[in-house]
Amino acid sequence: MARNYWLFKSEPSEFSIDDLKNRPNQTESWDGVRNYQARNFMRDDMKCGDLGLFYHSNCDEVGVAGVCEITQEAHPDHTAWEKGNKHFDEKSSPENPRWVMVAVTWKETFPRTVTLDEIKAHPKLQNMRVAQRGNRLSITPVTKAEFEIICKAARK
DNA sequence: GCCAACGTTGGC
DNA sequence: GCCAACGTTGGC
């Protein structure tokens, strides 16, 4: 089974690639996803060993800042039934969980961020969801080719 | 099941 | 801080 590739969006003021690196085991649960499309990607298609581009949104330097790896597959997101949690959803419960999360582990912080401008300008990255206007999906699939172009660009 | 209103996202 | 684009909600 071939490995899949993903893009994870995060606001670095909330959670950055460096925050991930500083976690115990350099691992964190990707909780709080409350969008069905993004959930379905996690639930149906994400496997251990898949790699993710860690994208910084809503910040000074918007773009891909590093790489993480899926180290735990989809399981119920318990923050959904914790009253008072920012991501609380009364329609979810331990008996009937509506939302899932995966665990991701830090792999690499790029020597420089590959900016959204570069992605938009690159002829082979035009199809990336993140390059398209109005895109709000926090987890999107990327192709192996896209993944590799970005990793290579980070080292230039 | 339609669709207007609303809240959120996220680039700028 | 602005605002376009989008997803969700709820009245009908």
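Residues numbered from 1 in each chain as written. Chains lettered and ligands numbered in written order. Predicted model: local features only at pLDDT ≥ 70, side-chain atom pairs only at ≥ 80, totals over all residues. Heavy atoms only, no water.

The name an unreviewed UniProt entry assigns to chain A is EVE domain-containing protein, from the organism Ruficoccus amylovorans.

Caption draft 1: A look at the overall build of chain A. In terms of regular secondary structure, chain A is built from four helices and six strands. Its C-alpha radius of gyration of 15 Å places chain A within 12% of the 15 Å reference for a compact globule of 156 residues. C-alpha atoms of chain A, sized along the principal axes, occupy 50 × 30 × 30 Å. Counting the 156 residues in chain A, one finds 44% classified as buried. (Helix = DSSP H or I, 4+ residues; strand = E, 2+ residues; numbered from the N terminus. Rg over C-alpha atoms; globule rule 2.2 N^0.38 Å. Buried < 20%, exposed > 50% of the residue type's maximum accessible area, 1.4 Å probe, protein only.)

Caption draft 2: Layout of the environment of V67. Residue placement: V67 occurs in strand β4 (residues 63-76). Sequence separation between V67 and E108 is 41 residues, and the spatial gap between their C-alpha atoms is 5.1 Å.

Caption draft 3: Molecular detail of the protein's contact with DNA strand C. Neighbouring DNA strand C are Y36, R133, G134 and R136. Each atom of DNA strand C within 4 Å of the protein belongs either to a base or to sugar and phosphate, the latter forming 62%. In the environment of DNA strand C, a phosphate oxygen lies 2.8 Å from a nitrogen or oxygen atom belonging to the side chain of R133. When the residues that make up the surface near DNA strand C are grouped by side-chain class, the tally is one nonpolar, one polar and two charged. (Near = heavy atom within 4 Å. Polar contact = N/O pair within 3.5 Å; in protein donor to acceptor, adjacent residues only side chain to side chain. Nonpolar A, V, L, I, M, F, W, Y, C, P; charged D, E, K, R; others polar.)

Caption draft 4: Up close: helix α2 (residues 36-45). Along α2, the residues that are buried comprise A38, R39, F41 and M42. Buried residues of α2 fall within an arc of 155° about the axis and therefore sit on the same side. The opening residue of α2 is N35, an N-cap whose side-chain oxygen sits 3.0 Å from the backbone nitrogen of Q37. (Arc of directions from axis to C-beta.)

Caption draft 5: Examining the protein's contact with DNA strand B more closely. Every residue close to DNA strand B is listed here: K9, Y55, S57, N58, V62, L116, K120, N135 and R136. K120 places a side-chain nitrogen or oxygen 3.0 Å from a phosphate oxygen of DNA strand B. Taken together, the residues of the surface near DNA strand B break down into three nonpolar, three polar and three charged.

Caption draft 6: Broad picture of the pattern of salt bridges. This structure, assessed with the given rule, holds seven salt bridges. For the salt bridge of E14 with K86, the shortest nitrogen-to-oxygen distance reads 3.4 Å. One end of the pair, E14, is in the loop between β1 (5-10) and α1 (17-21); the other, K86, is in the loop between β4 and β5 (100-115), and 72 residues separate them in sequence. (Salt bridge = Lys/Arg side-chain N within 4 Å of Asp/Glu carboxyl O.)

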